[in-house]
Amino acid sequence: MDQPTTLSVSDRRHLVRDALSLIESPGRRLLLRGGLNVGTLAMLTGCSLNDGRAAEGVLRHVSTFNDRVQAWLFNPRKLAPEYSADQITRPFPFNAFYPESRAPVINGADFALAVGGLVADKRPWTLEKLNALPQESQITRHVCVEGWSAIGQWSGVRFSHFLHLVGADLQAKYVGFQCADGYWTSIDMPTALHPQTQLTLGFGGAVLPVRYGFPMKLRIPTKLGFKNPKHITEIVVTNQYPGGYWEKRGYNWFSGL
Ligand SMILES: Nc1nc2c(c(=O)[nH]1)N[C@H]1C(S)=C(S)[C@@H](COP(=O)(O)O)O[C@H]1N2
Ligand SMILES: [Mo]
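Fair warning: this is a prediction, and the values are worked out from it, not measured in the lab.

**A look at the packing of aromatic side chains**
According to the stated counting rule, one finds 22 aromatic pairs in the structure shown. Look at Trp-253 and Phe-254: their rings are 6.4 Å apart centre to centre, the planes differ by 70°, and that puts the pair in the edge-to-face class. Given the relative accessible area of 9%, Trp-253 is considered buried. Put simply, the rings of Phe-94, Phe-97, Tyr-98, Tyr-183, Trp-184, Phe-226, Tyr-245, Trp-246 and Tyr-251 pair up and form one aromatic cluster. The ring centre of Trp-125 lies 4.5 Å from the NZ or CZ of Lys-129, which sits over that ring. Cation over ring: Arg-249 sits above Tyr-245, and NZ or CZ is 3.7 Å from the ring centre.

**Looking at the environment of Gln-70**
Its place among the elements puts Gln-70 in helix 4 (residues 52-73). For Gln-70, a relative accessible area of 10% translates into the label buried. Sequence separation between Gln-70 and Ser-255 is 185 residues, and the spatial gap between their C-alpha atoms is 8.1 Å.

**What to know about the pattern of salt bridges**
Per the counting criterion, the structure on display carries four salt bridges. Notably, a salt bridge pairs Glu-247 with Lys-227, separated by 2.7 Å at the nearest N-O pair. Of this pair, Glu-247 sits in the segment after strand 10 (232-238) while Lys-227 sits in the loop between strand 9 (217-219) and strand 10, placing them 20 residues apart in sequence.

**Observations concerning the site of ligand 1**
Contacts to ligand 1 come from 19 residues, most closely from Pro-93, Asn-95, Asp-181, Asn-228 and Lys-230. In this structure, Pro-93 approaches ligand 1 through a main-chain N or O atom, which is 2.8 Å from an oxygen atom. Within the side chain of Asp-181, one N or O atom sits 2.8 Å away from a nitrogen atom of ligand 1. Its free accessible area being 530 Å², ligand 1 has 99% of it covered by the protein chains. Considered class by class, the residues forming the shell around ligand 1 number 12 nonpolar, four polar and three charged.

**Quick look at the sheet that holds strand 5 (residues 174-179)**
Spatially, the five strands line up as an open sheet ordered 2-1-10-5-6, and their pairing is mixed. Looking at which strands have only one partner, the edges of the open sheet turn out to be strand 2 (125-126) and strand 6 (184-188). Where strand 1 (residues 112-117) meets strand 2, two bridges bridge the pair, whose relative direction is antiparallel. In the sheet register, Ala-112 faces strand 2, and the bridge partner there is Thr-126.

**Overview of the environment of Gln-171**
Looking at the secondary structure, you find Gln-171 in the loop between helix 6 (159-165) and strand 5. Under the relative-accessibility criterion, Gln-171 is labelled exposed at 71%. The sequence separation of Gln-171 and Leu-118 amounts to 53 residues, and the corresponding C-alpha distance is 9.7 Å.

Definitions and limits used
Residues numbered from 1 in each chain as written. Chains lettered and ligands numbered in written order. Predicted model: local features only at pLDDT ≥ 70, side-chain atom pairs only at ≥ 80, totals over all residues. Heavy atoms only, no water. Phe/Tyr/Trp six-rings, centres within 6.5 Å; stacked < 30°, edge-to-face > 60°. Buried < 20%, exposed > 50% of the residue type's maximum accessible area, 1.4 Å probe, protein only. Lys NZ or Arg CZ within 6 Å of the ring centre and 35° of its normal. Helix = DSSP H or I, 4+ residues; strand = E, 2+ residues; numbered from the N terminus. Salt bridge = Lys/Arg side-chain N within 4 Å of Asp/Glu carboxyl O. Near = heavy atom within 4 Å. Polar contact = N/O pair within 3.5 Å; in protein donor to acceptor, adjacent residues only side chain to side chain. Areas by Shrake-Rupley, 256 points an atom, 1.4 Å probe, with all protein chains shown as cover. Nonpolar A, V, L, I, M, F, W, Y, C, P; charged D, E, K, R; others polar. Pairing = 2+ DSSP bridges.

In structure tokens form, the structure reads like this:
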């Protein structure tokens, strides 16, 4: 524990605001709505906060704590709202960490999805084999952390069905995804097993287009957009925290809706 703080009220406010900018919504929004201030933080942690580094450290702990609370609050049976066909957003927005013209173009004919980690069957999956599995369709809302949302129709294999087929260890903590564009992310097992979490092969009744993640993406209507990986090349079931592209840059890992 460090020395009692001698910061002015305005200094304290700035310190909290700066540290909060390091963690992203919805965790950040939650803390702000709760009127978080240095006094509360100090009280919660038993440390006085007189510099940015102390506040940052504390907030990192708050963020991890927040992941745990969100995971605990997550109801594995609560469904995200579904919409009717006339509510679909047209055109549906594109988003990635690069412009649309640079979306990776993958040859579906020789594509094979790799499956690794805590699974009994590590054989790769061709698109033909995936398309032969039972398909489901959903019209749900995609919510991007950047402040837009859109309704779309996705179709594909229920992800829990796929995990059962490959003999995944359903007690494992994480499912990680590697993508053809260098993107990666990971989710908690309860979300992976949620009935609306889908290994998506189609969009709007047609084959998933390049811009929306051909040959496949994971559609998770209970999570923010950046937790929905496009252009998946590998799926890994693991107990080692795989993180993610935006998670590494400070976005809250759980990011449930
Ligand atoms: N491989 C890959 N997946 C990704 C991203 C990305 O840059 N690369 N961006 C994420 C973000 S931030 C959003 S909002 C959605 C956008 O999906 P869309 O282009 O289908 O709207 O993809 C997510 N999945
Ligand atoms: Mo996003």
